[in-house]
Amino acid sequence: MIKQFINPTTLPTDTTLTKADLDTPFLAIDLDKMDANVARISQGTKDFNVQWRPHCKGHKSSIIASRLVAAGAIGATCAKLAEAEVMVRGGVNDVLIANLIVGEAKLKRLANLCQSGDPIVCIDHMDQATPMSEAMVQAGVECRVIIEVNIGLDRVGCSPEKTLELARQLHALPGIQFAGIMGYEGHLLTIEDQDEKRSEIENALRLLAENAAQLQAEGIPCEIVSCGGTGSYLLSRMQDGITELQAGGGMFMDQFYEQQCQVTELQKALTVTATIVGRPGADRAIIDAGKKTLHVEYEPAIVVGRDDIVVDRFSAEHGELQLNGDAQQLKIGERIELVPGYADMTCVLHDFFYVFQGDTLVDIWPLEARGLLQ
Ligand SMILES: Cc1ncc(COP(=O)(O)O)c(C=O)c1O
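Model, not experiment: these values are computed from the prediction.

Visitor: Could you give me a rundown of the overall build of the protein, with the residues and numbers involved?
Guide: For the protein, the count of helices and strands is 10 helices and 17 strands. Taking 21 Å as the expected radius of gyration for a compact globule of 374 residues, we find that the protein reaches 22 Å, a close match to that expectation. Considered along the principal axes of its C-alpha atoms, the protein spans approximately 70 × 50 × 35 Å. In the protein, which comprises 374 residues, the share counted as buried stands at 47%. Contacts spanning at least 24 positions in sequence make up 66% of the contacts within the protein whose residues lie at least 6 apart.

Visitor: An account of the site of the ligand is needed here, citing residue identities and associated values.
Guide: Neighbouring the ligand are 13 residues, the closest being Gly229, Thr230, Gln246, Gly248 and Gly249. Residue classes in the shell around the ligand are distributed as 3 nonpolar, 9 polar and 1 charged.

Visitor: So what's going on with the domain arrangement of the protein? Residues and values would help.
Guide: When its domains are assigned, the protein resolves into domain 1 (19–28 + 265–366) and domain 2 (31–252). Within the residue set of the side of domain 1 that touches domain 2, elements represented by two or more residues are helix H10 (343–347), strand E16 (352–357) and strand E17 (360–366). Here the side of domain 1 that touches domain 2 gets 4 residues from one element, more than from any other, and that element is E16. Counted by class, the side of domain 1 that touches domain 2 contains 12 nonpolar, 2 polar and 2 charged residues.

Visitor: So what about the pairing of strand E10 (residues 270–281)? Which residues, and what values?
Guide: The side chains of a regular strand alternate between the sheet's two faces. Direction of pairing for strand E1 (residues 26–30) relative to E10: antiparallel, over a ladder of 4 bridges. Across the sheet, the residue bridging to Ile29 is Leu270, located in E10. As judged from the 4 bridges shared by E10 and strand E15 (residues 335–339), these two strands associate in the antiparallel manner. What sits directly across from Val272, in E15, is Leu338.

Visitor: Residues and numbers for helix H6 (residues 163–171), please.
Guide: For H6, the full list of buried residues reads Thr163, Leu166, Ala167 and Leu170. Angularly, the buried residues of H6 cover 100° about the axis, an arc narrow enough to put them on a single face. The secondary structure elements touched by the buried residues of H6 are strand E5 (120–123), helix H5 (126–139), strand E6 (143–148), strand E7 (176–182) and helix H7 (194–217).

Visitor: Give a description of helix H4 (residues 104–116) that names residues and reports values.
Guide: Residue pairs three or four apart in sequence face the same way in an α-helix, which turns once every 3.6 residues. The first and last C-alpha atoms of H4 sit 19 Å apart over 13 residues, in line with the 18 Å expected at 1.5 Å per residue. Listed as buried for H4 are Lys106, Leu107, Leu110, Ala111, Leu113 and Cys114. Around the axis of H4, the buried residues are gathered within 160° of arc, so they sit on the same side. For H4, the exposed residues lying more than 90 degrees away from the buried face are Glu104, Ala105, Gln115 and Ser116. In this structure, the buried side of H4 is in contact with helix H3 (81–89), E5, H5 and E6.

Visitor: Now, about the nonpolar core: what can you tell me, with residues and values included?
Guide: If you look at the biggest cluster of nonpolar residues, it comprises 117 residues, and the most contacted ones within it are Met87, Ile97 and Val145. Per-element accounting of this core gives the leading share, 7 residues, to H7. Taken domain by domain, this core gets at least three of its residues from each of domain 1 (19–28 + 265–366) and domain 2 (31–252). In this structure Ile97 touches Cys78, Leu81, Ala84, Pro119, Ile120, Val121 and Cys122, once residues within four positions along its chain are discounted.

Visitor: Tell me what's going on with the sheet that holds strand E4 (residues 95–100), and back it up with residues and numbers.
Guide: Taken in spatial order, the 8 strands of this open sheet run E2-E9-E8-E7-E6-E5-E4-E3, and their pairing is parallel. Edge strands, defined here as strands with exactly one partner in the open sheet, are strand E2 (51–52) and strand E3 (76–78). Across 3 bridges, E4 lies against E5 in parallel orientation. For Ile97, the partnering residue across the bridge sits in E5 and is Val121.

Visitor: Can you break down the environment of Val263 residue by residue, with the values?
Guide: Turning to its location among the elements, Val263 is positioned in the loop between helix H9 (255–259) and E10. Along the backbone, Val263 and Glu192 are 71 residues apart, and their C-alpha atoms lie at a distance of 11 Å. Every residue in contact with Val263, bar those within four places of it in the chain, is listed here: Thr230, Gly231, Gly250, Tyr257 and Glu258.

Visitor: Summarise unusual backbone geometry; cite the residues concerned and give the values.
Guide: Note the cis peptide between Thr24 and Pro25, where omega equals -5°. Counting through the fold element by element, Pro25 comes out in the segment before E1. Positive phi, close to 60°, is recorded for Met253, a residue that is not glycine. Taking the number of C-beta atoms within 10 Å as the measure of exposure, Met253 has 24 and is therefore buried.

Definitions and limits used
- Residues numbered from 1 in each chain as written.
- Predicted model: local features only at pLDDT ≥ 70, side-chain atom pairs only at ≥ 80, totals over all residues.
- Helix = DSSP H or I, 4+ residues; strand = E, 2+ residues; numbered from the N terminus.
- Rg over C-alpha atoms; globule rule 2.2 N^0.38 Å.
- Buried ≥ 20, exposed ≤ 12 C-beta atoms within 10 Å, placed from the backbone.
- Contact = placed C-beta atoms within 7 Å.
- Near = placed C-beta within 6 Å.
- Nonpolar A, V, L, I, M, F, W, Y, C, P; charged D, E, K, R; others polar.
- Domains from an automatic or database assignment.
- Pairing = 2+ DSSP bridges.
- Arc of directions from axis to C-beta.
- Expected span 1.5 Å × (residues − 1).
- Core = buried A, V, L, I, M, F, W, Y, C linked by C-beta atoms within 7 Å.

See the structure below:
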């Protein structure tokens, strides 16, 4: 039995490996479930004539981003310049950096990225745009920019009343090409009442549609109107004026999306396998996966196929389970599989996705952009 790989991205070709062959804890993708989720989101955006630019901040893998493009995505949304660099290096050129890029070092890298890829960057203030324009002119390139509009999340973004004026100024700058607007309705994902959620999302995204119409009326082309996360995409895709959606984490799904955002049509494709390492009491077990392996803050993890186990307390390297009924038979050395509370923040704790079809290991994908925070 092979327990370790010298280079974990290289699978031995002469052996079929199963979950039992891997040491724990490890992060696993169920490929068939992930592909089914991807097909569903991709078709679900097409049905509404909206394009899909899935966020890569969770998977951080150009292999996955390329797979999503093959399944219909137009490119990737990134949270960091470094993520965009990794995606372009991996062959996904049409990358939206849904963030503000500031500082000489990053602007130099952005100009370089414009040579090999086709990035889009967010702006919400001329103090980001002016140095960007200068840096792009100096490098002899043009970078696409979109305005991030604050549609209620109150994180970044100019107020909708200021979009037109900012767009006029951006449109006149050399070295940058004004391409549209975006907003993120992240503050509306967890509204419980579905009618209220629908109407709040309508109201928020109407601000983007109105801004886009104002720009078009002035003769400023507004090709991109981007928004949307997994927790809202079913509603956001049907709003007037939206051209693309950023929903990313839905390809893995997790407890947060299901329990708090009421997303129910996607399957749980991401799990962590852990070993029971301690049994301090008849109704208690300790696993070798704590907060450094699984993100449990937004929503607790669950144990696959076991409603007789409650995931209780987590510390850095220990997870504590409460065992009920038959689960009290579990012994030290046995394994369980957990669905993370929040997939996004769980992935970034790991170097590799172990990719399975059924119980067979079919691939190992590195999270290449993990730790690349600049
Ligand atoms: C700008 C932006 N877009 C989209 C999303 C949604 O991402 P996901 O679909 O992975 O939940 C987020 C989440 O934080 C975000 O910050």
